[in-house]
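The lines below spell out each chain.
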Amino acid sequence: MGTGVPASEQTSCAKGDPQVYCPEDTGGTEDVQVTDCETPENNRPQNELGYSNPEYSGQLMASYEGKAEGYQVPSFGWRICLAHEFSEKRKPFNANNISLSNLIKHLGMGLRYLQWWYQKTQVEKKKPFIDLINSVPLRQIYGCPLGGIGGGTITRGWRGQFCRWQLTPGMYQHRTVMADQFTVCLRREGQTVYQQVLSVERPSVLRSWNWGLCGYFAFYHALYPRAWTVYQLPGQNVTLTCRQITPILPHDYQDSSLPVGVFVWDVENEGDEALEVSIMFSMRNGLGGGDDAPGGLWNEPFSLERDGETVRGLLLHHPTLPNPYTMAVAARLTADTTVTYITAFDPDGTGQQVWQDLLQDGQLDSPAGPSTPSQKGVGIAGAVCVTGKLPPRGRCCLEFSLAWDMPRIMFGAKGQVYCRRYTRFFGSDGDAAPALSHYALCQYTDWEERISAWQSSVLDDRSLPAWYKSALFNELYFLADGGTIWLEVPEDSLPEELAGSMCQLHPTLTEYGRFGYLEGQEYRMYNTYDVHFYASFALIMLWPKLELSLQYDMALATLREDLTGRRYLMSGVMAPVKRRNVIPHDIGDPDDEPWLRVNAYVIHDTADWKDLNLKFVLQVYRDYYLTGDQGFLRDMWPVCLAVMESEMRFDKDQDGLIENGGYADQTYDAWVTTGPSAYCGGLWLAAVAVMVQMAALCGTQDVQDKFASILSRGKEAYERLLWNGRYYNYDCSSQPQSCSIMSDQCAGQWFLRASGLGDGDTEVFPTPHVVRALQTIFEFNVQAFAGGAMGAVNGMQPHGIPDRSSVQSDEVWVGVVYGLAATMIQEGLTWEGFQTAEGCYRTVWERLGLAFQTPEAYCQQQVFRSLAYMRPLSIWAMQLALQQQHKKFSRPIAKQGKGLSTGSKLGPKEAMANPSPE
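Conventions and cut-offs
Residues numbered from 1 in each chain as written. Predicted model: local features only at pLDDT ≥ 70, side-chain atom pairs only at ≥ 80, totals over all residues. Heavy atoms only, no water. Helix = DSSP H or I, 4+ residues; strand = E, 2+ residues; numbered from the N terminus. Buried < 20%, exposed > 50% of the residue type's maximum accessible area, 1.4 Å probe, protein only. Polar contact = N/O pair within 3.5 Å; in protein donor to acceptor, adjacent residues only side chain to side chain. Pairing = 2+ DSSP bridges. Axes fitted to C-alpha atoms, helices over the stretch in contact; angles between N-to-C directions. Parallel < 35°, antiparallel > 145°, perpendicular 65-115°, else oblique. Contact = heavy atoms within 4.5 Å. Nonpolar A, V, L, I, M, F, W, Y, C, P; charged D, E, K, R; others polar. Salt bridge = Lys/Arg side-chain N within 4 Å of Asp/Glu carboxyl O. Domains from an automatic or database assignment. Buried area = accessible area lost by both parts, 1.4 Å probe. Phe/Tyr/Trp six-rings, centres within 6.5 Å; stacked < 30°, edge-to-face > 60°. Lys NZ or Arg CZ within 6 Å of the ring centre and 35° of its normal. Expected span 1.5 Å × (residues − 1). Core = buried A, V, L, I, M, F, W, Y, C linked by side-chain atoms within 4.5 Å. UniProt positions renumbered as here; feature names shortened; annotations may be inferred.

Side note on the side chain of Asn660
Link 1 in the chain: By the secondary structure assignment, Asn660 is in strand β28 (residues 660-663).
Link 2 in the chain: Asn660 sits in the buried class, given a relative accessible area of 6%.
Link 3 in the chain: A distance of 2.6 Å separates the side chain of Asn660 from the side chain of Ser677, its partner in a polar contact.

Next up, the structure:
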């Protein structure tokens, strides 16, 4: 391929690859300037360390050779040089990582799983809800996702690639689409002097384009829901800062639902010559996979003027059933900018036509009319270009949006049609992409002001460590990118026979919609409740109405039953799908018909799990405490009574304490628990204590007395059977692991404290015992594990060796660690709490390269498990603990026989107005 540049003038970037800024003949323009981009080890002055910021771990930015700091890039967040390579390459957990003893224990389950997997994939042609055969491989590339809550998401990697897609609800495609790029063109005195795809990739398609950006002069900075990419263009005296914005706005139930993202390009001309700059945003229609193969895809230009603001761009129509959509690539037209476009080009060809079109004059041809529909097996792409002029030492701003309109969706079973939440504001006819684009480009400045106001009190708090500020906001990515769906609920769709006793069910679901997010991108079950217990802090603190909506859905599902028999994989026993008056494990699989068919989880019969019912009761009271919503508590009270009555059967000896059943009957679903246990026993006592409070609030003296008696007996049994002077034993079995130190043993106390209980008159676990147990966990599970640098291992034997009795006991669960850290903060062990949580953040985000895909678990060496998982949202429990530590919430006052009565209340909306400690 000819470059138009003499070979002697071509220079190298990293690893000796040629770095050429304008391939192909220039078509009459002057030769394009080529600048140096050499391997930094050969080019770095001995006394020059490059850009550094003491707020960051230096490793991720060690490769950065530029001087540019970018335009208004914040001080805090996750920052990485585009040339960085993670040295540690882990693999997903699989059968090879299981010890022989554990393999033998689970041999039957393994055989039954293989039979089930074959039936699901080869006979039914469906995707397993958990695919243990084909785990998602490690890709250390992800950045902030685009898109609000429940409308689908598109993840843009930290090197600029569009690489993870969730447009069909809950179903992910991990595919980098090479045509989806930003390209810069610089012109001086009417001549193109520089043209470069802003990507470090060198793909086999679009080879006429100038790829291979030198990553040593660019960095990425994420502070969700915004991200910045800074490009210093060597030899050009130009710095580009691309700011990515998504409307994730706490306590907002409109704009937060929009399927849009905005890219604002701030171009700084640091030279003494005037400059014309063009940014081209190219986008393939579809992902280039099977959904595109039938053809019939087509693009067309659009222009929308409202209220004096004009937006122009392209519509990419993707009519493939069952979930057709339209993508809109658009730009804002101002008095200082020009917007041009190319309607169609071949994303799998050389790309020469569109490249030369831009190279010629910094603009695109803008043909009139729609493209012809694509042929079977042939791809189609389009591009939009914005051009602006800069004086010497000047700056200009170029604004793009990306919107997608898939208003009506069907899940995998194709049983019903649902409307997404945003259709309430933009209609469900499938023609909203222009209006969404216009709205995003006109509203993003307001979004940014609201995001800054929300985040500033945390970011400005000098008592909080930098890593925490990054973790707190960046882990929120999962609320939108957890396969999340947010649906409208028609007035006539709720069952009167079940909903009649819940006065606020209809108004809550019809006003705020129905919310679902996956247990994990690899564990495809909506609203997995034993895990939501941890993650729910983010929802109740930031979008409390969605948490209440989810709770109403759980209450409805609890009162239903599905007596269809099925064989469970762990035990091999036939049992019903769902029994009445027990909390479901999950609300269903998006590849089936969630909400209609619950409990997609087929490994255990969770009707006999010991934690699900308790977690419902604890969350109901926590949600009431933080919102002050008395109507919600009244509606949930009968359901709490029903599930606690179901739970009573697990207290077989009537000592006030439930017993586990000798199998993995709780969220640690591969870690056997027998008899009274620290985890489930603690949750039980906390739930009983909460029932005492709720009974008083609801004016039911007899129920209050009943649970007070159970609590008194249960506390005595718990201390007698499990407390050993330093911590609570794992369980009461005769096995060696019964004495293990479980990192999650204080989960019940954690929720009591979060709900304004757990000390003084409402003390359940003796405070000296709680503090001593937390100190023991810190000493053994944290400091004695991996040098204290990887968080807390789930189980540690008292002689300082990780508990390897199960495949989960020697894992670190990131969400459990954040909850443990919150518990430490609640009990005054703030330093220990931050030390514990920091190990997880640095392991995931800085060492393993798992940004924006925080896993459920990792081991000390070699493996991780279940990428992009729900539980780490529990970091918001740390924030609540900090708020409660410094701003004492007045908890609801239970007045005997007086019904619901509250003292001064502070709901999460008011609390988050100033969420940092004073």
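Structural notes on the sheet that holds strand β32 (residues 812-813)
Link 1 in the chain: Ordered in space as β4-β34-β33-β32, the 4 strands form an open sheet in which the pairing is mixed. Either end of the sheet is taken by a strand with one partner, and the two such strands are β4 (91-92) and β32.
Link 2 in the chain: Pairing of β4 with strand β34 (residues 863-865), which is carried by 2 bridges, proceeds in the parallel orientation. Following the sheet pairing, Lys91 is matched in β34 by Val863.

Focus: the packing of helix α15 (residues 678-697) against helix α17 (residues 747-754)
Link 1 in the chain: It is the contact of α15 with α17, at a shortest axis distance of 7 Å, that shows an interaxial angle of 30°. Considering their axes alone, α15 and α17 lie roughly parallel with respect to each other. Of the residues in α17, those in contact with Tyr679, Gly682, Leu683, Ala686, Ala689 and Val690 of α15 are Ala747, Gly748 and Leu752.
Link 2 in the chain: For the contact of α15 with α17, a count of residues per class yields 7 nonpolar, 2 polar and no charged.

Topic: the pattern of salt bridges
Any two side chains of opposite charge can pair, so long as their charged atoms come close to each other.
Link 1 in the chain: Under the counting rule described, the total for this entry stands at 40 salt bridges.
Link 2 in the chain: One salt bridge in this structure joins Glu399 and Arg332, with 3.1 Å as the shortest N-O distance. Taken together, the residues Glu399 in strand β21 (residues 395-405) and Arg332 in strand β18 (residues 325-333) connect sequence positions 67 residues apart. Of the two residues, Glu399 and Arg332, neither departs from the other in class, the shared state being buried.
Link 3 in the chain: Across the pair Arg622 and Asp623 runs a salt bridge, and its minimum N-O distance is 2.7 Å.
Link 4 in the chain: Looking at Arg622, the relative accessible area reads 0%, which means it is buried.
Link 5 in the chain: One continuous salt-bridge network, built from bridges that share partners, spans Arg226, Arg243, Asp266, Arg395 and Glu448.

Points about the domain arrangement of the protein chain
Link 1 in the chain: Structurally, the protein chain comprises domain 1 (78-86 + 137-452) and domain 2 (489-888).
Link 2 in the chain: Inter-centroid distance (C-alpha atoms) of domain 1 to domain 2 is 40 Å.
Link 3 in the chain: Each partner contributes to the interface: domain 1 provides 35 residues, whereas domain 2 provides 35 residues.
Link 4 in the chain: Between domain 1 and domain 2, roughly 2600 Å² of surface is buried when both sides are summed, and carbon and sulfur atoms account for 59% of that area.
Link 5 in the chain: When the buried area of domain 1 at its contact with domain 2 is split by residue, Trp78, Tyr253 and Phe411 rank highest and sum to 23% of it.
Link 6 in the chain: Summed over the shared surface of domain 1 and domain 2, the number is 1 salt bridge.
Link 7 in the chain: Residue Arg424 is joined to Glu511 by a salt bridge in which the shortest nitrogen-to-oxygen separation is 3.7 Å.
Link 8 in the chain: The class makeup of the residues in the side of domain 1 that touches domain 2 is 20 nonpolar, 9 polar and 6 charged.

With respect to the packing of aromatic side chains
Link 1 in the chain: Summed over all chains, the structure comprises 60 aromatic pairs.
Link 2 in the chain: Summarising the aromatic geometry, the rings of Tyr552 and Phe632 are spaced 5.9 Å apart at their centres and angled 75° between planes, so their arrangement reads as edge-to-face. Of this pair, Tyr552 sits in helix α12 (residues 544-559) while Phe632 is found in helix α14 (residues 630-647), placing the two residues 80 residues apart along the sequence. A single burial state applies to Tyr552 and to Phe632, both of which are buried.
Link 3 in the chain: With a centroid separation of 5.8 Å and an interplanar angle of 70°, the aromatic rings of Phe778 and Trp831 are classed as edge-to-face. Remark: Trp831 occurs in helix α20 (residues 830-847) and Phe778 occurs in helix α18 (residues 767-783); sequence separation between them is 53 residues.
Link 4 in the chain: An aromatic cluster is defined as three or more aromatic residues linked by ring pairs; in this entry it consists of Trp78, Tyr220, Trp467, Tyr468, Tyr477, Phe478, Phe515, Tyr517, Phe834, Tyr841, Trp845 and Phe852.
Link 5 in the chain: The cationic tip of Lys610 hangs over the ring face of Phe650; the distance from NZ or CZ to the ring centre is 4.4 Å.

Focus on α15
Link 1 in the chain: Its 20 residues give α15 an end-to-end C-alpha distance of 28 Å, which sits within 8% of 28 Å, the value for a rise of 1.5 Å per residue.
Link 2 in the chain: Along α15, 20 of the 20 residues are buried, which leaves the element largely enclosed by surrounding structure.
Link 3 in the chain: Directly after α15, the chain includes Gly699, whose backbone phi takes a positive value near 70°.

A look at the nonpolar core
Link 1 in the chain: Formed by 282 residues in total, the largest nonpolar core has its most connected members in Trp78, Trp265, Leu402, Phe616, Trp876 and Met878.
Link 2 in the chain: The element that contributes the greatest number of residues to this core is α15, accounting for 16 residues.
Link 3 in the chain: Viewed by domain, this core spans two of them, domain 1 (78-86 + 137-452) and domain 2 (489-888), each represented by three or more residues.
Link 4 in the chain: Residue contacts for Trp265: discarding those within four places in its chain leaves Phe182, Leu198, Tyr231, Leu240, Thr241, Cys242, Ile279, Cys396, Cys397, Leu398 and Phe400.

Focus: the UniProt feature "domain: Glycosyl-hydrolase family 116 catalytic region" (unreviewed entry) in the protein chain
Link 1 in the chain: Within this structure's numbering, the places UniProt gives as "domain: Glycosyl-hydrolase family 116 catalytic region" (unreviewed entry) are residues 513-878.
Link 2 in the chain: Helix makes up 45% of residues 513-878 and strand makes up 9%, while its end C-alpha atoms are separated by 28 Å.

Thoughts on the environment of Asp665
Link 1 in the chain: Secondary-structure assignment places Asp665 in the loop between β28 and β29 (673-675).
Link 2 in the chain: Using a relative accessible area of 0% as the deciding quantity, one classes Asp665 as buried.
Link 3 in the chain: For the pair formed by Asp665 and Leu774, sequence separation is 109 residues and the distance between their alpha carbons is 24 Å.
Link 4 in the chain: Not counting chain neighbours up to four residues away, the residues in contact with Asp665 comprise Asp608, Trp609, Lys610, Asp611, Asn660 and Thr673.
Link 5 in the chain: In this structure the side chain of Asp665 is engaged in a polar contact, spanning 2.8 Å, whose partner is the side chain of Asn660.

Points about the sheet that holds strand β20 (residues 381-390)
Link 1 in the chain: Judged by pairing direction, the sheet is antiparallel, and its 5 strands sit side by side in the order β10-β9-β15-β20-β19 without closing on themselves. The open sheet has two free edges, formed respectively by β10 (191-197) and β19 (337-345), since each of these has just one partner strand. Within the sheet, the average angular offset between the axes of one strand and its neighbour, ignoring direction, is 20°.
Link 2 in the chain: Of the strand pairs in this sheet, β19 and β20 are connected by 7 bridges, and their pairing is antiparallel. What sits directly across from Phe345, in β20, is Ala381.
Link 3 in the chain: The sheet strands contacting helix α4 (residues 352-361) are β9 (181-188), β10, β15 (275-284), β19 and β20, and the helix crosses β10 at an angle near 140°.

Quick notes on the pairing of strand β11 (residues 218-223)
Link 1 in the chain: Taken across its 6 residues, β11 has 6 buried, putting it largely inside the fold.
Link 2 in the chain: Burial along β11 is two-sided: Ala218, Tyr220 and Ala222 facing one way and Phe219, His221 and Leu223 facing the other are all buried.
Link 3 in the chain: Sheet topology note: the strand β3 (residues 78-81)/β11 ladder contains 4 bridges and is antiparallel. Bridge pairing links Ile80 to Tyr220 in β11.

Concerning α17
Link 1 in the chain: When you tally the buried positions in α17, you get 8 out of 8 residues, the bulk of the element.
Link 2 in the chain: All of the buried residues along α17 are Ala747, Gly748, Gln749, Trp750, Phe751, Leu752, Arg753 and Ala754.
Link 3 in the chain: The inward-facing, buried residues of α17 abut α11 (529-542), α13 (612-627), α15, α18, α19 (814-826) and α21 (875-886).
Link 4 in the chain: Where α17 terminates, the next one or two residues include Gly756, which has phi positive at roughly 80°.

Quick look at the packing of α11 against α13
Angle between the axes and distance between the axes: these two values describe a pair of packed helices.
Link 1 in the chain: Between α11 and α13, whose axes approach to 10 Å, the crossing angle comes to 10°. On the basis of the axis angle, α11 is roughly parallel to α13. Contacts between α11 and α13 involve Tyr529, Asp530, His532, Phe533, Tyr534, Ser536, Phe537 and Ile540 from the former and Leu612, Lys615, Phe616, Leu618, Gln619, Arg622, Asp623, Leu626 and Thr627 from the latter.
Link 2 in the chain: The residue makeup of the contact of α11 with α13, split by class, is 9 nonpolar, 4 polar and 4 charged.

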